[in-house]
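The chain contents come next:
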2 protein chains.
Amino acid sequence: MAFDPATLVYDDRGLIPCIAQDAVSGDVLMMAWMNSDAVAKTLETGRVTYWSRSRRSFWVKGETSGHVQELVDLRVDCDRDCLLAVVRQTGPACHTNRRVCFYTSVVDGEETELMAPLAG
Amino acid sequence: MAFDPATLVYDDRGLIPCIAQDAVSGDVLMMAWMNSDAVAKTLETGRVTYWSRSRRSFWVKGETSGHVQELVDLRVDCDRDCLLAVVRQTGPACHTNRRVCFYTSVVDGEETELMAPLAG
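Residues numbered from 1 in each chain as written. Chains lettered and ligands numbered in written order. Predicted model: local features only at pLDDT ≥ 70, side-chain atom pairs only at ≥ 80, totals over all residues. Heavy atoms only, no water.

Going by an unreviewed UniProt entry, chain A carries the name Phosphoribosyl-AMP cyclohydrolase and comes from Thalassococcus arenae.

## Quick notes on the overall build of chain A
When you go through chain A residue by residue, the secondary structure sums to one helix and eight strands. Secondary structure elements in chain A, listed N-terminal to C-terminal, are β-β-α-β-β-β-β-β-β. Computed over the C-alpha atoms, the radius of gyration of chain A is 15 Å, within 12% of the 14 Å expected from 2.2 N^0.38 for a compact globule of 120 residues. The buried share of chain A, taken over its 120 residues, is 48%. Across chain A, the fraction of contacts at a sequence separation of at least 24, relative to all contacts at a separation of at least 6, is 39%. Carbon and sulfur atoms make up 49% of the accessible area of chain A, which amounts to about 5700 Å² in all. Taking the average location of the 12 positive side-chain charges in chain A and that of its 17 negative ones, the two points are 6 Å from each other. (Helix = DSSP H or I, 4+ residues; strand = E, 2+ residues; numbered from the N terminus. Rg over C-alpha atoms; globule rule 2.2 N^0.38 Å. Buried < 20%, exposed > 50% of the residue type's maximum accessible area, 1.4 Å probe, protein only. Contact = heavy atoms within 4.5 Å. Areas by Shrake-Rupley, 256 points an atom, 1.4 Å probe, with all protein chains shown as cover. Lys, Arg positive; Asp, Glu negative; His and termini not counted. Charge placed at Lys NZ, Arg CZ, Asp CG, Glu CD.)

## Quick notes on the side chain of E111(A)
Looking at the secondary structure, you find E111(A) in strand β8 (residues 110-113). On the basis of relative accessible area, E111(A) is assigned to the buried category, the value being 14%. There is a polar contact of 2.7 Å between the side chain of E111(A) and the side chain of R80(B). When residues no more than four places from it in sequence are discounted, the contact partners of E111(A) are T104(A), S105(A), M1(B), F3(B), T7(B) and R80(B). (Polar contact = N/O pair within 3.5 Å; in protein donor to acceptor, adjacent residues only side chain to side chain.)

## Section: the state of the cysteines
Summed over all chains, the structure comprises zero disulfides over all chains. With no disulfide partner, C18(A) has as its closest neighbouring cysteine sulfur the one in C82(A), 7.5 Å distant. (Disulfide = S-S within 2.5 Å.)

## Thoughts on the sheet that holds strand β5 (residues 69-76) of chain A
In a beta sheet, neighbouring strands pair by backbone hydrogen bonds and run either parallel or antiparallel. With mixed pairing, six strands are arranged side by side in an open sheet as β2(A)-β1(A)-β6(A)-β5(A)-β7(B)-β8(B). The sheet is open, and its two edges are formed by β2 (28-34) of chain A together with β8 (110-113) of chain B, each paired on a single side. Looking at each pair of strands side by side, their axes are set apart by 35 degrees on average, direction ignored. As paired strands, strand β1 (residues 16-22) of chain A and β2(A) are joined by six bridges and run antiparallel to one another. Bridge pairing links I19(A) to M31(A) in β2(A). (Pairing = 2+ DSSP bridges. Axes fitted to C-alpha atoms, helices over the stretch in contact; angles between N-to-C directions.)

## Digging into the environment of S54(B)
Its location among the elements puts S54(B) in the loop between β3 (49-52) and β4 (57-60). Within the local environment of S54(B), its side chain forms a polar contact with the side chain of S52(B), the two groups lying 3.3 Å apart.

Take a look at the structure:
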């Protein structure tokens, strides 16, 4: 069946969450949002492109930082209301310069940092 | 620092997305929503507990199906507006009886099913 971004289920802002997973390590890198045009752009360009809710514009991941996400596979969930982008990540995925955004773990009721920002 | 579910960033419905990842395979299993009480219950009970938007009630994953998610680690992202639950998954995670919800891949503009429902 041909894929059409219009067949996805968007929220009342016209957005769908997209989880980015590292194709090599399997790590969950981050979660951000796409609108229908961002989904189409991601597939057309092979560069993962989100919709920035704060800037109200396309957010080609890594466009300024160089920390791009090259799309390996885009997956749709059973309810068609969530996406999983399997990516080749260049550099850290997180704006804090950490490899992943999920670097805080809750252990025995305490928050623990799992990793430090990368050097450089 | 002591973790307090009230310090997370919820949307205008009082919900935060939670990604479930298999602790063994690293597969991204599903994404669902939690409210503050569901986050607290998940940590207290060690059983991943979402908030069902359609039923407007707690959804202890696997309570009826037996396909429970035992919490291994709960992680918070950099913006505190997304959670990652690392889990030990019993049985399939998806209500379609597939191992994961993200079983549809977009390849060359076509949708392709990556896995069939489990037997039984």
